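So the chains spell out like this:
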Amino acid sequence: MRYTNLFSILLLLFVLTGCKKDKFGTRPSIKLKSVNTTQLHSGELLQFVISFTDAEGDISDSVFVQKIEPRCALSNFKQLYGLPAVPPTKNLEGDLIVTFGYNQPPYVQIGPRCAQNDTAVFRFALKDKANNVSDTISSPPIIIFK
C-alpha cells in the first residue's frame, strides 16, 4: 500500500510538471495587464498595458483594436494601432502600451458616439509577419461620460 501511494504521488508530479504549456508559441500570445481607468471623462487619457510573447519575435507593426458599444448603433470603431519597430529576436516578450484620448490631441480620439454616456469594451488582437493571429482579449467595461 505504501508503494502504491508513493507511485501515485510520483505519477501526479510527473503529469503536473510534464504538461506545462510552453510560454512562447508560434502564434503571438497577449494578455491584458492593466487599464488605467474604467471611468473616462473629457480631457482624460485611456491607457491599456498588454503583455505579449512570440516565439519567432516577428510581431507586426500594429495591434488590432475594436471598441464595442452595445447601446450605440453609431459605433463602428475598428483600427490598427501603430507600434514602434521591434527588432525580431527569438522568444520575444514585452508590453504594448495603447493610449487613447478623450478630447486629448494628438491621441486617437474615443469620445462617446451617442447622446448618452457610453459603456464600451475594447478588444485587442496581435498578428505576426507570418500571419499568425493571437487570441482576442477584451477589456473590462469602460464608461465614457458625455
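J.: How would you summarise the overall build of the protein if you had to cite specific residues and measurements?
T.: Along the protein, the regular secondary structure elements total one helix and ten strands. The N-to-C order of helical and strand elements in the protein reads α-β-β-β-β-β-β-β-β-β-β. Burial statistics for the protein: of 146 residues in total, 35% are counted as buried. Taking the contacts inside the protein whose residues are at least 6 apart along the sequence as the reference set, 67% of them involve residues at least 24 apart. Carbon and sulfur atoms provide 58% of the accessible area of the protein, an area that totals close to 9200 Å².

J.: I'd like to hear about the environment of Val86, residue by residue, with values.
T.: Inspection of the secondary structure assignment puts Val86 in the loop between strand E5 (78–82) and strand E6 (92–101). Among the residues examined, Val86 registers a relative accessible area of 33% and is labelled partly exposed. Between the C-alpha atom of Val86 and that of Asp58, which follows or precedes it by 28 residues, the distance is 8.2 Å. Ignoring sequence-local partners within four residues, the contact set of Val86 consists of Ile59 and Leu92.

J.: Would you mind going over the sheet that holds strand E3 (residues 45–54) in detail, with residue names and values included?
T.: With respect to topology, four strands assemble into an open sheet ordered E1-E3-E6-E7, the strand pairing being mixed. Edge positions in the open sheet fall to strand E1 (29–35) and strand E7 (108–109), since each of these has one partner strand only.

J.: A description of the state of the cysteines should follow, citing residues and the corresponding values.
T.: Overall, the coordinates contain one disulfide when judged by the stated rule. A sulfur-sulfur separation of 1.9 Å characterises the disulfide bridge that pairs Cys72 with Cys114. Every disulfide takes its handedness from the sign of the S-S torsion; for Cys72 and Cys114 that torsion is 90°, giving right-handed. Taken as a pair, Cys72 in the loop between strand E4 (59–68) and E5 and Cys114 in the loop between E7 and strand E8 (118–128) lie far apart in primary sequence, 42 residues in all. Taken as a pair, Cys72 and Cys114 share a single burial class, namely buried.

About the criteria used
Residues numbered from 1 in each chain as written. Predicted model: local features only at pLDDT ≥ 70, side-chain atom pairs only at ≥ 80, totals over all residues. Heavy atoms only, no water. Helix = DSSP H or I, 4+ residues; strand = E, 2+ residues; numbered from the N terminus. Buried < 20%, exposed > 50% of the residue type's maximum accessible area, 1.4 Å probe, protein only. Contact = heavy atoms within 4.5 Å. Areas by Shrake-Rupley, 256 points an atom, 1.4 Å probe, with all protein chains shown as cover. Pairing = 2+ DSSP bridges. Disulfide = S-S within 2.5 Å.

None of the figures reported here should be taken as evidence of function without further support.
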